[in-house]
Amino acid sequence: MRIVVTGGTGFAGGRVVSRLLETRQDDEQITVTTRDPQGRDPWAGYVRRVQAFAGDRLSLGRAFAGADVVVHAIQFPNHPVEDPARGRTYLEADGRGTEIAARTARRVGVRRFVYLSGAGAGQGRPQPWFQAKDRAEAAIRDSGMEYSLLRPSWVYGPGDRSMSRFVTFCRYLPVVPVIGDGRNRAHPLYVEDVARCVVECVRREEARGETLDLGGPEALSMDQILHTLLRVLRKRRPLLHQPVWLSKLLARGLELLPRPILSPAAVDFVLQEVDLDPRPAMEYFGFDFRSLEEGLRDYLGAGERVI
């Protein structure tokens, strides 16, 4: 079976590739699309790398040719801060880009398409990140291929952009900045559990037409998430809540930087709340998703001296 992973050099996609390799079956060939196939190879030659670009039919067609399964895990650089001048937006990358990927995969004979969507998709929400996911999912459903649509909540783990920033704050700043009142809730989900679900969807013969919400077993407020992180790191830091309007004002100034860490729209993205029930997915895949504390301890270790 030939498996192609788009976004396989990124955060979540990279862990999917690693999980495929760790549990590799004899008949599997794994291919990763990348903008730079001559760059650093984290898989030491065990993965075939081909050049392809998001939204480009020709390069995707070459990459998908002969594939049985495509795992689509692309995300635009510097997510969630959009850069419209470079086409790095939700509607362009997630929406139009996935539509093109699905049509291209179907055209070259791909049998199954596994898509990392997002929590809150399918609810008709007006924000561009939800609109993009809805467009992407509709294109995949209408393609005629077998498909699995996985909708993860906030995914964290080594090498992520969001939780890693808070780890740095907790370790080195005297206070931990928090946008808003800290009451917005999420289901933080460990990236290793996401990768395991994706690989199951690749290999299970019956994983056809599945749409599943993925989230950690706990619905936690932002304050609870940060208190858990501080406990794992064995740090004592007060949380400094900033009004949303002030955060957006500061973010507007950051947009002048070459690679801003925040934008006003990204503030709205990080404050979004999506209520979900992870139990159907846990029952389907046959394992319990790790709690936030379990996931953090898995890759951050036992913590440090309390200071």
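In what follows, the structure referred to is the one given above.
Residues numbered from 1 in each chain as written. Predicted model: local features only at pLDDT ≥ 70, side-chain atom pairs only at ≥ 80, totals over all residues. Heavy atoms only, no water.

**Student:** What's the story with the overall build of the protein chain in this structure? I'm lost.
**Tutor:** The secondary structure content of the protein chain amounts to eleven helices and 13 strands. Overall, the protein chain is about 55 × 40 × 40 Å in size when its C-alpha atoms are taken along their principal axes. Accessible area for the protein chain stands at about 14,300 Å²; split by element, carbon and sulfur atoms hold 50% of it. (Helix = DSSP H or I, 4+ residues; strand = E, 2+ residues; numbered from the N terminus. Areas by Shrake-Rupley, 256 points an atom, 1.4 Å probe, with all protein chains shown as cover.)

**Student:** I tried to follow the pattern of salt bridges on my own but got confused; where do I start?
**Tutor:** In a structure, side chains of opposite charge can pair up when their charged atoms sit close to one another. Scanning all chains against the criterion turns up 19 salt bridges. When the shortest N-O distance is used, the salt bridge between Glu28 and Arg203 registers 2.7 Å. Note that Glu28 is positioned in the loop between α1 (11-22) and β2 (29-34) and Arg203 in helix α6 (residues 191-203), a separation of 175 residues in sequence. Glu28 gets classed as buried once you look at its relative accessible area, which sits at 5%. The partner of Asp268 in a salt bridge is Lys248, with the nearest N and O atoms 2.8 Å apart. Remark: Lys248 occurs in helix α8 (residues 244-254) and Asp268 occurs in helix α9 (residues 264-271); sequence separation between them is 20 residues. Accessibility expressed as a relative area gives 33% for Asp268, which makes it partly exposed. Under the relative-accessibility criterion, Lys248 is labelled partly exposed at 26%. (Salt bridge = Lys/Arg side-chain N within 4 Å of Asp/Glu carboxyl O. Buried < 20%, exposed > 50% of the residue type's maximum accessible area, 1.4 Å probe, protein only.)

**Student:** Please explain helix α3 (residues 90-107) as it appears in this structure.
**Tutor:** Along its 18 residues, α3 runs 24 Å from first to last C-alpha, staying within 8% of the 26 Å computed at 1.5 Å per residue. By the largest-angle criterion, Gly97 marks the main kink of α3, which is about 30 degrees. When we look at burial in α3, the residues that qualify are Tyr90, Ala93, Asp94, Gly95, Gly97, Thr98, Glu99, Ile100, Ala101, Ala102, Thr104 and Ala105. For α3, the elements touching its buried residues are α2 (57-64), β4 (69-72), β5 (112-116), α4 (128-141) and α9. (Expected span 1.5 Å × (residues − 1). Bend = angle between axes of the 7 residues up to and from the residue. Contact = heavy atoms within 4.5 Å.)

**Student:** Just to check I follow, could you spell out the sheet that holds strand β11 (residues 210-214) for this structure?
**Tutor:** In any sheet, the strands associate via hydrogen bonds between backbone groups, in a parallel or an antiparallel arrangement. Strand order in the open sheet formed by seven strands is β3-β2-β1-β4-β5-β6-β11, and the pairing between neighbours is parallel. Edge strands, defined here as strands with exactly one partner in the open sheet, are β3 (48-51) and β11. Geometrically, the sheet is characterised by an average inter-axis angle of 20 degrees between neighbouring strands, direction not taken into account. Direction of pairing for β5 relative to strand β6 (residues 146-152): parallel, over a ladder of five bridges. (Pairing = 2+ DSSP bridges. Axes fitted to C-alpha atoms, helices over the stretch in contact; angles between N-to-C directions.)

**Student:** Before we go on, may I ask you to explain the nonpolar core in this structure?
**Tutor:** Among soluble globular proteins, nonpolar side chains are generally buried collectively. Ranked by size, the top nonpolar core spans 57 residues in total, and within it Leu150, Leu229 and Phe285 carry the most contacts. Top contributing element to this core by residue count: α6, with eight residues. Every residue in contact with Phe285, bar those within four places of it in the chain, is listed here: Leu150, Cys197, Glu200, Cys201, Arg204, Leu212 and Leu214. (Core = buried A, V, L, I, M, F, W, Y, C linked by side-chain atoms within 4.5 Å.)

**Student:** For this particular structure, what's the right way to read the packing of helix α7 (residues 222-233) against helix α11 (residues 292-300)?
**Tutor:** Relative placement of two packed helices is described by the angle separating their axes and the distance separating the axes. Running from N to C, α7 and α11 point in directions that differ by 40 degrees, and their axes come no closer than 10 Å. Accordingly, the angle class assigned to the pair α7 and α11 is oblique. Remark: the crossing between α7 and α11 carries right-handed chirality. For the pair α7 and α11, contact is made by Ile225, Thr228, Leu229, Arg231, Val232 and Leu233 and by Leu292, Glu293, Leu296, Arg297 and Leu300, respectively. (Parallel < 35°, antiparallel > 145°, perpendicular 65-115°, else oblique. Left-handed = near helix turned anticlockwise from the far one by under 90°.)

**Student:** Quick question: what am I supposed to make of the environment of Ala266 here?
**Tutor:** The topology assignment puts Ala266 in helix α9. On the basis of relative accessibility, which here comes to 0%, the residue Ala266 falls in the buried class. For the pair Ala266 and Pro80, spaced 186 residues apart in the sequence, the C-alpha separation amounts to 5.6 Å.

**Student:** Any chance you could explain α2 here in plain terms?
**Tutor:** In an α-helix, one turn spans 3.6 residues; hence positions three or four apart end up facing the same way. When α2 is considered as a whole, its buried residues turn out to be Ser59, Leu60, Gly61, Ala63 and Phe64. Buried residues along α2 sit in contact with β1 (2-6), β2, β3, β4 and α3. One or two steps after α2, the chain reaches Gly66, where phi turns positive at roughly 85 degrees.

Purely geometric stuff here, so don't read any function into it on its own.
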